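Letter by letter, the chains look like this.
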Amino acid sequence: MNCTNMATNLSSSETVLSNQPPKPNPFTIEAKIGFTAVYILIFTLSVFGNSIGLYVVCSKAPSRRITDLLIKNLAIADLIFTFTNLPLVATSFHLTGPSVWIGGIFGDVTCKLISYAIPVSIAASVITLVVISFDRLCAIYFPLSQLLFHRHRIITGIIWLVALITMTPNLLLHRVSDLNGINECIQEWPWADDQKGSFAPLRMFHVIAFIVMYAFPLLVIAVSNSLIAYRIWFHKAPGVAGRRLSNVSVRSTRRKVVKLLMVVVIVFAISWLPTYVLHYYIFFQYHLYKRIPLAWVILLFCVSHSNCAINPLLFIAFNKNFRHAFLDTTVALSFLPCRAVNSCVAYFREERSTTMFPDQSYPSQPSEPRLLPVKMGARNGAANIYDTRL
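Residues numbered from 1 in each chain as written. Predicted model: local features only at pLDDT ≥ 70, side-chain atom pairs only at ≥ 80, totals over all residues. Heavy atoms only, no water.

S.K.: It is not clear to me how the overall build of the protein should be interpreted in this structure. Could you clarify?
M.R.: Of regular secondary structure, the protein possesses 14 helices and four strands. When each of the 390 residues of the protein is scored for burial, the buried share is 44%. A separation threshold of at least 6 residues defines the contact pool for the protein, and within that pool the share at least 24 residues apart is 76%. Surface accessibility of the protein: about 21,200 Å² in total, with carbon and sulfur atoms responsible for 67%. (Helix = DSSP H or I, 4+ residues; strand = E, 2+ residues; numbered from the N terminus. Buried < 20%, exposed > 50% of the residue type's maximum accessible area, 1.4 Å probe, protein only. Contact = heavy atoms within 4.5 Å. Areas by Shrake-Rupley, 256 points an atom, 1.4 Å probe, with all protein chains shown as cover.)

As structure tokens, then:
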């Protein structure tokens, strides 16, 4: 996971360390076309997969399934990352510098907002994975104390609020600066006298970001999933045989959810690991970093950025219900694309309360009283009377 975008990282560190005018664009025409095509492919897959996934979750009745919260939050975070970071990286291949920006007030505003939105989306993904891990842990060990996790709107609001607060330094520190006659969007520290003086706090900033937003959350998730796996796969609950058989379906469902969560976390960790390895070389072994071919640097960053397009594929592969809904929605939207917009708008406008039966949908407005037959009477033939219910 990257706490700033690739362009800002490379530009800030290399400008500070080298203190030389920016070099001409090092990419050949073939490299520009190739890397741009790769990012266009990632962009297309991410927009299509996450948009359909978000529509599938928004269009169905409210439910307490934790997988809905996982799919919804990751889809929103991936879409934000897709629309902010991927076009920025793709255009950087055709510019003289990796973070060349426009000047003026508009340049400062867009520099701050984009540099803020990217880490916020990644932080929201990490916090979502941690929250769902705790939810699964409470569902296994403390089944009577997990009512709070069923309030998806409250949990979603808390997740994004924490992400916005924790990533505030990116909003405050980024600005457009004139470096050797070229406007670039970089991090500037107010107490640094020059560019050399800003390198030490910049390095410490990325170390703290690595611990808080990558190493520590993954450690918490690993411990939680280990405890969950032990209880589900190896622990035998006491009780009569009949009661054990009644819990088979519940255990099977929980295993599927845990497997999906573990796969998403593992892919997330592997995808963003190359970025942090490059950060280590940039800030601690810069002389070794300069020996790495530029093509390999771009490919390693590309692996991290492709995570936004991988998550929908994981949900399709490991969740049968989501797979069927995804395919059905894809076919339906190819004929009626406006239904996606209408359904998502209706989802956020309507005040729909969560029911004890999540698979049943209820109308958003009160309906007219209906006459429902109720059977009462004797054993031989039940007489039908009608009861008025809303």
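S.K.: Help me understand the state of the cysteines, please; the structure alone is not making it clear to me.
M.R.: Inspection of every chain in the model, using the stated rule, returns one disulfide. Each sulfur of the disulfide joining Cys111 and Cys185 lies 1.9 Å from the other. Handedness here is read from the sign of the S-S torsion; for Cys111 and Cys185, about 80°, the answer is right-handed. With Cys111 in helix α4 (residues 104-141) and Cys185 in strand β2 (residues 182-187), the pair connects residues that are 74 residues apart, well separated along the chain. A relative accessible area of 1% means that Cys185 is categorised as buried. You can see Cys302 has no disulfide; the closest cysteine sulfur is in Cys308, sitting 9.6 Å from it. Look at Cys302 and you get buried, because its relative accessible area is 11%. (Disulfide = S-S within 2.5 Å.)

S.K.: Hey, could you run me through the packing of aromatic side chains in this one?
M.R.: The geometry of an aromatic ring pair is captured by two quantities: the separation of the ring centres and the angle between the planes. Applying the stated criterion across every chain yields a total of 11 aromatic pairs. Ring plane angle 75° and centroid distance 5.5 Å describe the contact between Tyr280 and Tyr281, whose orientation is recorded as edge-to-face. One aromatic cluster in this structure is built from Phe35, Tyr39 and Phe93. (Phe/Tyr/Trp six-rings, centres within 6.5 Å; stacked < 30°, edge-to-face > 60°.)

S.K.: Quick question: what am I supposed to make of the environment of Tyr141 here?
M.R.: Tracing the sequence through the fold places Tyr141 in helix α4. What makes Tyr141 partly exposed here is its relative accessible area of 25%. For Tyr141 and Leu227, which are 86 residues apart along the polypeptide, the C-alpha to C-alpha distance reads 9.2 Å. Setting aside residues up to four positions removed in sequence, Tyr141 forms contacts with Leu227, Ile228, Tyr230 and Arg231. Within polar-contact distance, the side chain of Tyr141 engages the backbone oxygen of Leu227 at 2.8 Å. (Polar contact = N/O pair within 3.5 Å; in protein donor to acceptor, adjacent residues only side chain to side chain.)

S.K.: Where do I start with helix α7 (residues 199-234) in this structure?
M.R.: Along an α-helix, residues three or four apart share an orientation, since each turn contains 3.6 residues. Relative to the 52 Å expected for 36 residues at 1.5 Å per residue, α7 spans 50 Å between its end C-alpha atoms, a close match to the ideal helical length. In the structure, α7 departs most strongly from a straight axis at Ile211, where the bend amounts to approximately 35°. (Expected span 1.5 Å × (residues − 1). Bend = angle between axes of the 7 residues up to and from the residue.)

S.K.: Explanation requested: α4 in the structure shown.
M.R.: Over its 38 residues, α4 extends 56 Å from the first C-alpha to the last, a length consistent with the 56 Å expected when each residue adds 1.5 Å. Most of α4 sits out of view: 28 of its 38 residues are buried.

S.K.: Can you walk me through the pairing of strand β1 (residues 174-179) in this structure?
M.R.: Taken residue by residue, a regular strand's side chains alternate between the two faces of the sheet. Pairing of β1 with β2, which is carried by six bridges, proceeds in the antiparallel orientation. Paired with Leu179 across the strands is Ile182, a residue of β2. (Pairing = 2+ DSSP bridges.)

S.K.: Help me out: how do you make sense of the nonpolar core in this one?
M.R.: Across soluble globular proteins, nonpolar side chains show a tendency to be buried alongside one another. Leu129 and Phe315 are the most contacted members of the largest nonpolar core, which totals 56 residues. Among the elements that make up this core, the one with the highest residue count is α4 (12 residues). Residues in contact with Leu129, not counting those within four places in the same chain, are Leu70, Leu74, Ile221, Leu261, Val264, Val265 and Phe268. (Core = buried A, V, L, I, M, F, W, Y, C linked by side-chain atoms within 4.5 Å.)

S.K.: Honestly, the packing of helix α2 (residues 29-59) against helix α11 (residues 294-305) in this entry has me stumped. Any pointers?
M.R.: Angle between the axes and distance between the axes are the two parameters that describe a pair of packed helices. It is the contact of α2 with α11, at a shortest axis distance of 11 Å, that shows an interaxial angle of 5°. Put simply, α2 runs roughly parallel to α11. Facing α2, whose interface residues are Phe35, Val38, Tyr39 and Ile42, α11 presents Ala295, Ile298, Leu299, Phe301, Cys302 and His305. Partitioning the contact of α2 with α11 into residue classes produces nine nonpolar, one polar and no charged. (Axes fitted to C-alpha atoms, helices over the stretch in contact; angles between N-to-C directions. Parallel < 35°, antiparallel > 145°, perpendicular 65-115°, else oblique. Nonpolar A, V, L, I, M, F, W, Y, C, P; charged D, E, K, R; others polar.)

S.K.: I'm lost on the packing of α4 against α7 in this one. Help?
M.R.: At a minimum axis distance of 9 Å, the contact between α4 and α7 shows a crossing angle of 25°. Of the possible angle classes, the one that applies to α4 and α7 is roughly parallel. As α4 runs across α7, the sense of the crossing is left-handed. Along the contact surface, α4 presents Ala123, Val126, Leu129, Val130, Ser133, Phe134, Arg136, Leu137, Ile140 and Tyr141, while α7 presents Met213, Pro217, Val220, Ile221, Ser224, Asn225, Leu227, Ile228, Tyr230, Arg231 and Ile232. (Left-handed = near helix turned anticlockwise from the far one by under 90°.)

S.K.: What is the right way to read a nonpolar patch on the surface from this model?
M.R.: A cluster of nonpolar side chains, contributed by Met204, Ile208, Phe210, Ile211, Val212, Phe216, Leu219, Val223 and Leu227, occupies part of the molecular surface with about 830 Å² of accessible area. Summarising the element assignment, Phe216 is placed in helix α7. For Phe216, a relative accessible area of 52% puts it in the exposed group. (Patch = residues over 30% accessible without salt bridge, like charges linked within 9 Å, V, L, I, M, F, W, Y side chains within 5 Å. Salt bridge = Lys/Arg side-chain N within 4 Å of Asp/Glu carboxyl O.)

S.K.: Whenever I open this one, the environment of Phe81 confuses me. Can you help?
M.R.: Mapped onto the secondary structure, Phe81 falls in helix α3 (residues 66-92). We classify Phe81 as buried; its relative accessible area is 3%. Phe81 sits 41 residues away from Ile122 along the chain, and the two C-alpha atoms are 7.5 Å apart. Contact partners of Phe81, with chain neighbours within four places excluded, come to Leu86, Ile118, Ser121, Ile122, Trp272, His305 and Cys308.

Spatial relationships are all this shows, so hold off on functional conclusions.
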